[in-house]
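The residues making up each chain are set out below.
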Amino acid sequence: MIEEPTVTLLDFKPGDGGVVKGFAPGNADYRRRLMAMGLTPGTRFTVTRLAPLGDPIQLKVRNSALTLRKDEARLLRIERTEAS
């Protein structure tokens, strides 16, 4: 069985959209923080900006701007969709 490569937020470019599917195992503190910021499973987002070195990443989530560091972005399990 061929396994699909994992897509992370770090693979996205400005204008790309996605939906949160879940979180990586471990680090419950970051997971709670992401959920408090509105990144719950099923939430749609659009990448709006990337810093020159890719850190931080700015997202549009529920009509709000949200900025994540690479370490936080790696915890998200996402699926690519059409930009929202």
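Novice: How should I be thinking about the overall build of the protein chain in this particular structure?
Specialist: A tally of regular secondary structure across the protein chain gives two helices and five strands. For 84 residues, the compact-globule estimate of 2.2 N^0.38 gives 12 Å, and the protein chain sits close to it at 12 Å. Based on the C-alpha atoms only, the size of the protein chain along its principal axes is roughly 35 × 30 × 25 Å. Among the 84 residues that make up the protein chain, the fraction classed as buried is 35%. Once local pairs closer than 6 in sequence are excluded, the contacts in the protein chain between residues at least 24 apart make up 60%. Only carbon and sulfur atoms are counted for the fraction: they give 50% of the accessible area of the protein chain, which is about 5,500 Å².

Novice: How should the nonpolar core be read in this particular structure?
Specialist: In a soluble, globular protein the nonpolar side chains are often hidden away together inside. Formed by 18 residues in total, the largest nonpolar core has its most connected members in Leu9, Leu39, Phe45, Leu59, Leu68 and Leu76. At the level of secondary structure, the elements contributing two or more residues to this core comprise β1 (17-23), β2 (44-50), β3 (57-61), β4 (64-68), α2 (70-75) and β5 (76-81). Here this core gets three residues from one element, more than from any other, and that element is β3. Non-local contacts of leucine 9, meaning those with residues more than four positions away in its chain, are made with Phe45, Val47, Ile57, Leu59, Leu68, Ala73, Leu76 and Ile78.

Novice: Explain the pairing of β3 here, please?
Specialist: Consecutive residues of a regular strand have side chains that alternate between opposite faces of the sheet. Only one face of β3 is buried: it carries Ile57, Leu59 and Val61, and the other face, with Gln58 and Lys60, is open. When β2 meets β3, the two strands line up antiparallel, connected through five bridges. By the bridge assignment, arginine 49 is partnered in β3 with glutamine 58. Examined bridge by bridge, β3 and β4 share five bridges and lie antiparallel to one another. In the strand pairing of β4, glutamine 58 is matched with threonine 67.

So, how was this worked out
Residues numbered from 1 in each chain as written. Predicted model: local features only at pLDDT ≥ 70, side-chain atom pairs only at ≥ 80, totals over all residues. Heavy atoms only, no water. Helix = DSSP H or I, 4+ residues; strand = E, 2+ residues; numbered from the N terminus. Rg over C-alpha atoms; globule rule 2.2 N^0.38 Å. Buried < 20%, exposed > 50% of the residue type's maximum accessible area, 1.4 Å probe, protein only. Contact = heavy atoms within 4.5 Å. Areas by Shrake-Rupley, 256 points an atom, 1.4 Å probe, with all protein chains shown as cover. Core = buried A, V, L, I, M, F, W, Y, C linked by side-chain atoms within 4.5 Å. Pairing = 2+ DSSP bridges.

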